[in-house]
Protein chains: 2
Amino acid sequence: MNSQACSAVKRIADSTVRRLSVYLRFLEGSTSRGQSTISSEELAKHGGTTSAQVRKDLSFFGSFGKRGLGYAVPELTESLREILGLQRQWNVVIVGAGKIGTALAQYHGFKSRGFNVVAVYDTDARKIGSKWEGHVVRDVASITSDLGERPAEIAVLAVPADVAQAAVDRLVSAGIRAILNFAPVQLQVPGDVALRSVNMAMELESLSFELTNRDR
Amino acid sequence: MNSQACSAVKRIADSTVRRLSVYLRFLEGSTSRGQSTISSEELAKHGGTTSAQVRKDLSFFGSFGKRGLGYAVPELTESLREILGLQRQWNVVIVGAGKIGTALAQYHGFKSRGFNVVAVYDTDARKIGSKWEGHVVRDVASITSDLGERPAEIAVLAVPADVAQAAVDRLVSAGIRAILNFAPVQLQVPGDVALRSVNMAMELESLSFELTNRDR
DNA sequence: CCTACTTTGTGAATGAATTCACAAGCCTGC
DNA sequence: GCAGGCTTGTGAATTCATTCACAAAGTAGG
Ligand SMILES: NC(=O)c1ccc[n+]([C@@H]2O[C@H](COP(=O)([O-])OP(=O)(O)OC[C@H]3O[C@@H](n4cnc5c(N)ncnc54)[C@H](O)[C@@H]3O)[C@@H](O)[C@H]2O)c1
Ligand SMILES: NC(=O)c1ccc[n+]([C@@H]2O[C@H](COP(=O)([O-])OP(=O)(O)OC[C@H]3O[C@@H](n4cnc5c(N)ncnc54)[C@H](O)[C@@H]3O)[C@@H](O)[C@H]2O)c1
């Protein structure tokens, strides 16, 4: 019956972690809305799931609520931030200063959640040296020595698909620990490097499938 | 033992559909690479899964391979396009001409797969009327009558989180059938509207969790 | 202090997705 | 045309995730 975010004793499903992130985002809104306590039922409604799922998700990490009452919003917010590893800052590099890389580099939603963009890289000589929002675009060739001096844990990959694997190999040998990939290819990484991909074409195609097959 | 993409008799898991999309993308590369036949093993290697999974995924829709030989690349490509509903064109509107909306409107990867951006909308008077890449930014107030004249099936939502639900309600009542959401909120839609969300903060937080808890 | 009511936390049950394992089918070479 | 080698297609087994259902624990009000 303790409330500490105990270190995961068994493997936690990715789906659980993603829901925790959704709960956290809603809770941060609730705090500013001045609500002091919240039930699993309410959390579920705004997280697109069920109250049993919410309680099960939380139960993997400890016991955070009061029976008959619900969860204290500030405490649960804090616990979720701790579970997700958001109490520290993460350094992020963006590789590929094209259309999507530029949008991401300027996105304020990253910084406000502890993800600091520390550098932007490209290979295009015309882009190297130019800057926006305080970031000078640097030559990707300097990435290994840069990471040696000022380490970054996470890379956001926004380069064309045909050079994505080469860019990953370079990042991995430079010591990066996690990659968020926007190129529509399946990348190979060593087991100790975390990888997530955002594949927008895949999302659109899954919508296409659903529209096509709704009349089942 | 027929090869037609028969209409789904039982519910197809979303994870299956997403993998089909990945297989298709790799196959399109294989064609240009001049490979005429491919095994489930090879497809699996490049799709980040197992050969049994590939065969099971395909088996929901028919029988596309030759035993002892594998799959004919052009035929399988065609079948996957048919299954995913990609033999037609889809009209797409982008709502929110900000940083991410702009990047998406200019992205060539959509058009090349049959998703045509037919309009871009915003509320900001300074943006309305300006144009890039052939798209004039239109006032979101005209969306209902525009969709009446020239229907679009899919909306890409790239507006701030606090107005996202209102924008969805407007799109739904204008008759949109599917939404790809980039705002980090859980949206409510009627059951007959398809919804996918791309939540980049969630991806980053899931990476943060993995980095934090690798030492389990 | 006791009763009525609420909501959590969690084993057990169910349901869904993946993996196993192998018969069936096709190709090649002799 | 038969043997040997390969690869598909698919039920059965297994693993993983969600939902159920209820005891336990708390609140509130008299
Ligand atoms: N633009 C979008 O909305 C969008 C949407 C979904 C996915 N994507 C994907 O994101 C990736 C980038 O798309 P984009 O539209 O920004 O393309 P882009 O052409 O505008 O930008 C790509 C950038 O990467 C740079 N680059 C090339 N090789 C590099 C390397 N080895 N190292 C570092 N930088 C390198 C290029 O110079 C260019 O500036 C692509 O894989 C694309 O499929 C883009
Ligand atoms: N920029 C990114 O890289 C990024 C990454 C992930 C998620 N997002 C999300 O995407 C959304 C947009 O982000 P952005 O960075 O492009 O913001 P932005 O402020 O650059 O753009 C938002 C645009 O939406 C317009 N808008 C506001 N209300 C509208 C309405 N009711 N109808 C139509 N248009 C409206 C604004 O005028 C503005 O042009 C946000 O929800 C953000 O959290 C952005």
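Residues numbered from 1 in each chain as written. Chains lettered and ligands numbered in written order. Predicted model: local features only at pLDDT ≥ 70, side-chain atom pairs only at ≥ 80, totals over all residues. Heavy atoms only, no water.

## Remarks on helix α8 (residues 161–173) of chain B
Residues and elements named next belong to chain B. Compared with the 18 Å implied by 1.5 Å per residue over 13 residues, the 19 Å span of α8 between its first and last C-alpha is a close match. The set of residues buried in α8 consists of Ala164, Ala167, Val168 and Leu171. An end-on view of α8 places all buried positions within 110 degrees of arc, on one side of the element. Summarising the geometry of α8, the exposed residues directed more than 90 degrees from the buried face are Asp162, Ala166 and Ser173. In this structure, the buried side of α8 is in contact with β4 (90–95), α7 (143–149), β8 (154–157) and β9 (178–181). At the C-terminal side of α8, Gly175 shows a positive phi close to 100 degrees. (Helix = DSSP H or I, 4+ residues; strand = E, 2+ residues; numbered from the N terminus. Expected span 1.5 Å × (residues − 1). Buried < 20%, exposed > 50% of the residue type's maximum accessible area, 1.4 Å probe, protein only. Arc of directions from axis to C-beta. Contact = heavy atoms within 4.5 Å.)

## Let's talk about the site of ligand 1
Taken together, the neighbourhood of ligand 1 is formed by 23 residues, with Ile100(A), Asp122(A), Lys127(A), Val159(A) and Tyr107(B) sitting nearest. A distance of 2.9 Å is found between an oxygen atom of ligand 1 and a backbone nitrogen or oxygen belonging to Ile100(A). In the environment of ligand 1, an oxygen atom lies 2.7 Å from a nitrogen or oxygen atom belonging to the backbone of Val159(A). In isolation ligand 1 has 820 Å² of accessible area, and contact with the protein removes 84% of it. Each residue belonging to the shell around ligand 1 can be placed in one class, and the counts come to 16 nonpolar, 3 polar and 4 charged. (Near = heavy atom within 4 Å. Polar contact = N/O pair within 3.5 Å; in protein donor to acceptor, adjacent residues only side chain to side chain. Areas by Shrake-Rupley, 256 points an atom, 1.4 Å probe, with all protein chains shown as cover. Nonpolar A, V, L, I, M, F, W, Y, C, P; charged D, E, K, R; others polar.)

## Considerations on the protein's contact with DNA strand D
Among the 23 residues in the neighbourhood of DNA strand D, the closest are listed as Arg67(A), Ser40(B), Arg55(B), Ser63(B) and Tyr71(B). The sugar-phosphate share of atoms of DNA strand D within 4 Å of the protein amounts to 61%. Note that a base nitrogen of DNA strand D is positioned 3.5 Å from one of the side-chain N or O atoms of Lys56(B). Between DNA strand D and Arg67(B) there is a distance of 3.0 Å, counted from a sugar or linking oxygen to a side-chain nitrogen or oxygen. At the level of elements, α1 (14–32) and α3 (51–59) of chain A together with α3 (51–59), β2 (65–66) and β3 (70–72) of chain B are the ones that each hand at least two residues to the surface near DNA strand D. The element that contributes the greatest number of residues to the surface near DNA strand D is α3(A), accounting for 4 residues. Taken together, the residues of the surface near DNA strand D sort by class into 5 nonpolar, 10 polar and 8 charged.

## Considering the protein's contact with DNA strand C
Surrounding DNA strand C, one finds 25 residues, the nearest of these being Ser40(A), Arg55(A), Ser63(A), Tyr71(A) and Arg67(B). The sugar-phosphate backbone supplies 62% of the atoms of DNA strand C found within 4 Å of the protein. Side-chain polar atom of Arg19(B) to a phosphate oxygen of DNA strand C: 2.9 Å apart, as the coordinates give it. In the model, a base nitrogen of DNA strand C is placed 2.8 Å from a nitrogen or oxygen of the Arg67(B) side chain. Of all elements in the fold, only α3, β2 (65–66) and β3 (70–72) of chain A together with α1 (14–33) and α3 of chain B reach the threshold of two or more residues within the surface near DNA strand C. In terms of residue count, the dominant contributor to the surface near DNA strand C is α3(B) (4 residues). Grouping the constituent residues of the surface near DNA strand C by class yields 5 nonpolar, 11 polar and 9 charged.

## Remarks on the sheet that holds β3(A)
Residues and elements named next belong to chain A. If you trace the 3 strands from one edge of the open sheet to the other, you get β1-β3-β2, paired in antiparallel fashion. Across the chains shown, the open sheet's two edge strands, defined by having one partner strand only, are β1 (37–38) and β2. Note: β2 against β3, 2 bridges, orientation antiparallel. Along β3, the bridge assignment pairs Gly65 with Tyr71. Its contacts with the sheet place helix α4 (residues 73–83) against β1 and β3, and it is angled at close to 75 degrees to β3. (Pairing = 2+ DSSP bridges. Axes fitted to C-alpha atoms, helices over the stretch in contact; angles between N-to-C directions.)

## Looking at the packing of aromatic side chains
Enumeration according to the criterion identifies 4 aromatic pairs over all chains in this entry. On the numbers, 6.1 Å between centres and 90 degrees between planes, the contact of Phe209(A) with Phe61(B) is edge-to-face. Residue Phe209(A) is located in helix α9 (residues 200–213), and its partner Phe61(B) is located in the loop between α3 and β2; the two belong to separate chains. Note on accessibility: Phe209(A) and Phe61(B) belong to one class, buried. (Phe/Tyr/Trp six-rings, centres within 6.5 Å; stacked < 30°, edge-to-face > 60°.)

## Let's talk about the domain arrangement of chain A
What the domain assignment lists for chain A is domain 1 (3–83) and domain 2 (90–202). The centre of domain 1 of chain A, based on its C-alpha atoms, is set 31 Å off from the matching centre of domain 2 of chain A. (Domains from an automatic or database assignment.)

## Notes on the nonpolar core
Ranked by size, the top nonpolar core spans 94 residues in total, and within it Leu80(A), Ile154(A), Met200(A), Leu80(B), Ile154(B) and Met200(B) carry the most contacts. In this view, Met200(A) contacts Ile100(A), Phe182(A), Leu104(B), Phe110(B), Leu180(B), Phe182(B) and Met200(B); residues no more than four positions away in its chain are not counted. Formed by 22 residues, the second largest nonpolar core is a distinct cluster that contains Val95(B), Val118(B), Leu157(B) and Ala164(B). (Core = buried A, V, L, I, M, F, W, Y, C linked by side-chain atoms within 4.5 Å.)

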